[in-house]
Amino acid sequence: EKGGVASQNLLRMGSTSSRVLAAGGTIALRIRDERIEDVSHVRKVHTEAFEKKYGGGEGLLVAGLVDELRTNGRLVVSKVATNDRREIVGHIAFSPVKLLPSPNGNRFHKV
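Small disclaimer: the values here were computed from a predicted structure and weren't measured.

When you look at the overall build of the protein in this model, what are you seeing that I'm missing?
Within the protein, the secondary structure is distributed over three helices and four strands. In sequence order, the secondary structure elements of the protein are arranged as α-β-β-α-α-β-β. Looking at the protein as a whole, 26% of its 111 residues are labelled buried. The contacts of the protein with a sequence gap of at least 6 include a subset with a gap of at least 24, amounting to 38%. In the structure as shown, the protein presents an accessible area of about 8,200 Å², 56% of it carried by carbon and sulfur atoms.

Structure (structure tokens):
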């Protein structure tokens, strides 16, 4: 239920601006809905972020997953963060998920 409320608030949020603390000081970020022309930039953000953190092709894997969810209409919320030069520097998305009890004793398993 908490996730549902948060998702509803993000859906209503539209576009908002704020300042965030970064390594070199504060930067202005604008949060807005993802647009069709943002897709390649969002892909780049995921690829670079996950490759830097995990390597081994994880960036392409995550970018591909987001692309597939978008193509299949499974992103119920998709927002981008832009800097003062209007470059996309972040992305967040929500998609439906179903958790089922696991037959092997783990708490949940993938569906």
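It is not clear to me how unusual backbone geometry should be interpreted in this structure. Could you clarify?
Working note: non-glycine residues mostly have negative phi, and peptide bonds are mostly trans. One non-glycine residue with positive phi stands out, namely R86, at about 65°. Mapped onto the elements of the fold, R86 is located in the loop between β3 (77–82) and β4 (88–94). Take R86: its relative accessible area is 69%, and that puts it in the exposed class.

The rules behind the values
Residues numbered from 1 in each chain as written. Predicted model: local features only at pLDDT ≥ 70, side-chain atom pairs only at ≥ 80, totals over all residues. Heavy atoms only, no water. Helix = DSSP H or I, 4+ residues; strand = E, 2+ residues; numbered from the N terminus. Buried < 20%, exposed > 50% of the residue type's maximum accessible area, 1.4 Å probe, protein only. Contact = heavy atoms within 4.5 Å. Areas by Shrake-Rupley, 256 points an atom, 1.4 Å probe, with all protein chains shown as cover.

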